[in-house]
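# Summary of structural features
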Amino acid sequence: MTTQTAGAPLHEIHKTWWRAPFVASVFGLPVLATEYAVILDHDGMGQYGGMIYTAVTLYVLAWVLPHRLSLRTPRILAAGAALLITLFPVGLLVLLAAVVSA
């Protein structure tokens, strides 16, 4: 009788599943909370509400996905997209401030 040892089992638990959501949360959630507070102080959510809710949904998705090795790529993509959506308005403000000050 022979057994296959090549490759990982389909439902193998990924030991470092938490790294991508953790890094995205550490850098993104304080910025997202600040954006939420600033936007709420200025006449409610308006057009930025969808951006904030989408980012929060992607952060939750990155944490909630099952801890399988096969779901590592969707977890990294969800965490990266959430971080990108969160940091985009701040980056745009910094870019506009640099253009105006020049």
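Source: prediction; values computed, not measured.

### Looking at the layout of surface pockets
The space that makes up the largest pocket amounts to roughly 370 Å³. Together, 18 residues line the largest pocket, and Val38, Ile39, Tyr48, Pro89 and Leu93 are the ones closest to its centre. Looking at which element gives the most residues to the lining of the largest pocket, the answer is helix α3 (residues 72-101), with six residues.

### Points about the side chain of Arg75
Mapped onto the elements of the fold, Arg75 is located in helix α3. Taking the relative accessible area as the measure of exposure, Arg75 reaches 2% and is therefore buried.

### A word on α3
For α3, which comprises 30 residues, the first-to-last C-alpha distance of 42 Å matches the rise-based estimate of 44 Å (1.5 Å per residue) to within 8%. When the local axis directions of α3 are compared, the greatest deviation, roughly 35°, occurs at Leu87, which is followed within four positions by the proline Pro89. The set of residues buried in α3 consists of Arg75, Ala78, Ala79, Ala82, Thr86 and Pro89. For α3, the secondary structure elements touched by its buried residues are α1 (19-41) and α2 (49-64).

### Overview of the packing of aromatic side chains
Inspection of every chain in the model, using the stated rule, returns two aromatic pairs. With a centroid separation of 5.8 Å and an interplanar angle of 85°, the aromatic rings of Trp17 and Trp63 are classed as edge-to-face. Highlighted residues: Trp17 in the segment before α1 and Trp63 in helix α2, separated in sequence by 46 residues. Trp17 gets classed as buried once you look at its relative accessible area, which sits at 19%. An angle of 75° between the planes, with centres 6.2 Å apart, marks the rings of Trp18 and Phe22 as edge-to-face. Residue Phe22 is classed as partly exposed on the basis of its relative accessible area, which comes to 43%.

### Observations concerning the packing of α1 against α2
In the contact formed by α1 and α2, the axes pass within 11 Å of each other and the chain directions differ by 155°. By the angle between their axes, α1 is roughly antiparallel relative to α2. In terms of crossing hand, the pair formed by α1 and α2 is left-handed. The residues of α2 that touch α1, namely those facing Pro21, Phe22, Ala24, Ser25, Gly28, Leu29, Leu32, Glu35, Tyr36 and Ile39, are Met51, Ile52, Ala55, Val56, Tyr59, Ala62 and Trp63. Class assignment of the residues belonging to the contact of α1 with α2 gives a composition of 14 nonpolar, two polar and one charged.

Reading the values: rules and limits
- Every chain begins its residue count from 1, and numbering advances along the sequence as written.
- Only residues with pLDDT of at least 70 get local features here, since the model is predicted, and only at 80 or more are side-chain atom pairs given and counted; chain-wide, interface and lining totals rely on the full set of residues.
- For side-chain calculations, the full set of non-hydrogen atoms in the structure is used, while hydrogens and water are omitted.
- Throughout, the protein atoms alone are placed on a 1 Å grid, and a set of points is a cavity if a 1.4 Å probe fits but cannot get out or a pocket if it is open with protein on both sides within 12 Å along at least five of seven lines; lining residues have an atom within 4 Å of a point.
- Grid points are joined across faces, edges and corners, and a volume is the space filled by probe spheres set on the points.
- Secondary structure elements are defined from DSSP: runs of H or I of at least 4 residues count as helices, runs of E of at least 2 residues count as strands, and each element is numbered from the N terminus.
- The buried label applies to any residue whose accessible area, calculated with a 1.4 Å probe on protein chains only, is under 20% of its type's maximum; exposed applies above 50%, and partly exposed to all values in between.
- Under the convention used throughout, the expected extent of a helix is 1.5 Å for every residue step, that is, one less than its residue count.
- Bend, in this description, refers to the angle at a residue between axes fitted to the seven residues ending there and the seven starting there.
- Note on definitions: a residue-residue contact is assigned when non-hydrogen atoms from the two residues lie within 4.5 Å.
- Only Phe, Tyr and Trp rings are paired, with Trp represented by its six-membered ring, and only when their centres lie within 6.5 Å; those with planes under 30 degrees apart are stacked, over 60 edge-to-face, the remainder tilted.
- A fitted line through C-alpha atoms represents every axis, and for helices the fit uses only the stretch in contact; the resulting angles, taken between N-to-C directions, go from 0 to 180 degrees.
- When an angle is under 35 degrees it counts as roughly parallel; over 145 it counts as roughly antiparallel; between 65 and 115 it counts as roughly perpendicular; any other value is oblique.
- Crossing handedness: left-handed means the near helix sits turned counterclockwise from the far one by under a right angle, and right-handed means the same turn made clockwise.
- Gly falls in the polar group here, along with every residue not listed as nonpolar (Ala, Val, Leu, Ile, Met, Phe, Trp, Tyr, Cys, Pro) or charged (Asp, Glu, Lys, Arg).

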